[in-house]
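# A closer look at the structure
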Amino acid sequence: MQTHARKTGAAGHETSATLDAEEVARFTAIAADWWDPNGKFRPLHKIGPARLAFIRDQLCGHFGRDGRDARPLEGLGVLDIGCGGGLIAEPLTRLGAHVTGIDPSDETIAAARAHAEAQGLTIDYRACRAEALVQAGETFDAVLTLEVIEHVPDVPAFLRVAGALVRPGGIMILSTLNRTLKAWALAIVGAEYILRWLPVGTHQWEKFVTPEELARALRSAELEPAIFRGLVYNPLTDLWSLG
């Protein structure tokens, strides 16, 4: 499930409303695998093209850019919350955006930074939480929270923090798992237990978020939900597309 909303108005980590320490530790343990397309993050590599297309098109449409340009996002400040190894931060940087990627895991940020440097890309990676940026008074043209909110304890509280980082007139783009039986079958039974793409326990179905729940949480963060799109998997072609 993809959406964008317009702005209207590990060790050492403790679980809080916006961060689950066990979730951080789980991803820290596999930080070295981020850039293996056939490893534990294979699903994110597979959804990457469709997800990136949605992000590019929404940013270009919102800010009046021509998506056919080589660097259509030139000069836009983009924050990637829960950036992981940089699977989205890197292509957005190539499209011209000034990307800041944050993640609470030191090991994950180290992996992201090392890969970006090897590609000759300049990305502002920081091992920190979104609250630190709010306290510093930072804001961005666009804030991304991709495959993050299904891992936080309190979605409305998290989105209020993330929403505070969107500049007036900016947008937030989210990607998460809809709480449907199909998502349970694909993301948990299929990806974790049968295909073993992900470690067992990566997702909890009760943490998946329906579009209606997400819309309410966004409005509580003074963000107006604008567009919802689905991501559809074709098992015959092993490809994901917007649906």
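The coordinates are above.
Anyway, here's the lowdown on the structure attached to this text. (Residues numbered from 1 in each chain as written. Predicted model: local features only at pLDDT ≥ 70, side-chain atom pairs only at ≥ 80, totals over all residues. Heavy atoms only, no water.)

## Focus: the pattern of salt bridges
Note the cut-off: The working definition used for a salt bridge is a side-chain nitrogen of Lys or Arg within 4 Å of a carboxyl oxygen of Asp or Glu. By the criteria applied, helices consist of DSSP H or I runs no shorter than four residues and strands consist of E runs no shorter than two, each listed in order from the N terminus. Only protein chains enter the accessibility calculation, which uses a 1.4 Å probe; a residue whose area is less than 20% of its type maximum is buried, one above 50% is exposed, and one in between is partly exposed.
By the definition in use, this model includes 14 salt bridges. Linking R42 and D238 is a salt bridge whose minimum nitrogen-to-oxygen distance equals 2.7 Å. Of this pair, R42 sits in helix 2 (residues 42-63) while D238 sits in the loop between strand 8 (231-234) and strand 9 (239-242), and the two are 196 residues apart along the sequence. D238 shares its class with R42; the two are buried. Two residues, R129 and E131, come together in a salt bridge whose shortest N-O distance is 3.4 Å. R129 sits in the partly exposed class, given a relative accessible area of 27%. Owing to a relative accessible area of 23%, E131 belongs among the partly exposed residues under this scheme.

## Regarding the side chain of E150
Using the following cut-off: Counted as positive: Lys and Arg. Counted as negative: Asp and Glu, with His and the chain ends omitted from the count. For this analysis, a polar contact is any N or O atom pair within 3.5 Å, provided that within protein one partner can donate a hydrogen and the other can accept it, and provided that sequence-adjacent residues contribute only side-chain to side-chain pairs.
Among the structural elements, E150 can be located in the loop between strand 5 (140-146) and helix 6 (155-163). Buried charge without a partner: E150 forms no salt bridge, and the closest opposite charge is R51, 7.8 Å away. A polar side-chain atom of E150 sits 2.7 Å from a polar atom in the side chain of T176.

## A few points about helix 4 (residues 106-118)
We count it as follows: How far a helix is expected to stretch is found by multiplying one less than its residue total by 1.5 Å. It is the directions from the helix axis to the C-beta atoms that the arc portrays.
Here helix 4 spans 18 Å end to end across 13 residues, near enough to the 18 Å set by a 1.5 Å rise per residue. Within the span of helix 4, buried status applies to T108, I109, A112 and A116. Mapping the buried residues of helix 4 onto a view down its axis gives an arc of 95°, with all of them on the same face. With respect to the buried face of helix 4, the exposed residues turned more than 90 degrees away are D106, E117 and A118. G120 lies just past helix 4 and shows a positive phi near 75°.

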